[in-house]
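# Secondary and tertiary structure notes
The residues making up each chain are set out below.
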Amino acid sequence: MRLAIVIDVDGDIMYVPEGAVFENYPKPRLFDNLKDAQEECAKWNTGIIVDFDTNKTVPIVRGFDDEERRRAIEREEINKDDGTGTDKDSTR
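In this report, we go over the structure that sits alongside the text. None of these values were measured; they are calculated from a predicted model.

Right, let's get into helix α2 (residues 66-78). The terminal C-alpha atoms of α2 lie 19 Å apart, and with 13 residues this matches the ideal 18 Å at 1.5 Å per residue to within 8%. Its side-chain oxygen 3.2 Å from the backbone nitrogen of E67, D65 forms the N-cap of α2.

So this is what it looks like as C-alpha cells:
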C-alpha cells in the first residue's frame, strides 16, 4: 500500500508534494509505512492520510488511555445482563 497525505490549501484539495516547492500538478510524496506518513501528516493542519492507489482514508485506531479503559470497564459492569449490573455511573 502506498500512502499519501491530502491537504486543503485555500479550499483546493491536493497531495503533499515531493519537493519543497508547490508547483502546478506536483508529484505526490508517497510513503511505504504508516509511521512515516503520520510524522509528515503531523506537520500539516489539514492533513489526512490516504491510500494513494484507492484514494480512501486510512483508518487509524488508537488504544484506550487509562481513563477511557476505566470508564469502559465501569460501563461494562453497568450494562451486564446477568442481573449483577449496577445502576451507578460515576462517569456522569
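What follows continues from the structure just given.
Taking strand neighbours across the sheet as the criterion, the 3 strands line up as β2-β1-β3 in an open arrangement whose pairing is antiparallel. The open sheet has two edge strands with one neighbour each: β2 (12-15) and β3 (48-51). For this sheet, the mean angle separating the axes of adjacent strands, direction not counted, is 35°.

Glancing now at the side chain of D51. Summarising the element assignment, D51 is placed in strand β3. There is no salt bridge for the buried D51, and the closest opposite charge comes from R2, which lies 6.6 Å off by N-O distance. In terms of polar contacts, D51 uses its side chain to reach the backbone amide nitrogen of D53, at 3.0 Å. Contacts of D51, omitting those with residues within four sequence positions, involve M1, R2, L3, K56 and V58.

Now for the environment of N33. Among the structural elements, N33 can be located in the loop between β2 and α1 (34-41). Owing to a relative accessible area of 33%, N33 belongs among the partly exposed residues under this scheme. Considered as a pair, N33 and L3 are 30 residues apart in the sequence and their alpha carbons are 7.3 Å apart. Polar contacts involving the side chain of N33 include one to the main-chain amide nitrogen of K35, which spans 3.3 Å. Here D36 takes part through its backbone nitrogen, which lies 2.8 Å from a polar atom of the side chain of N33.

Among the residues of α1, A37, E40 and C41 are the ones counted as buried. The buried residues of α1 occupy an angular sector of 100° when the element is viewed end-on, so they sit on one face. You can read the cap of α1 off the contacts: a side-chain oxygen lies 3.3 Å from the backbone nitrogen of K35, and it is on N33.

Reading the values: rules and limits
Residues numbered from 1 in each chain as written. Predicted model: local features only at pLDDT ≥ 70, side-chain atom pairs only at ≥ 80, totals over all residues. Heavy atoms only, no water. Helix = DSSP H or I, 4+ residues; strand = E, 2+ residues; numbered from the N terminus. Expected span 1.5 Å × (residues − 1). Polar contact = N/O pair within 3.5 Å; in protein donor to acceptor, adjacent residues only side chain to side chain. Pairing = 2+ DSSP bridges. Axes fitted to C-alpha atoms, helices over the stretch in contact; angles between N-to-C directions. Buried < 20%, exposed > 50% of the residue type's maximum accessible area, 1.4 Å probe, protein only. Lys, Arg positive; Asp, Glu negative; His and termini not counted. Salt bridge = Lys/Arg side-chain N within 4 Å of Asp/Glu carboxyl O. Contact = heavy atoms within 4.5 Å. Arc of directions from axis to C-beta.

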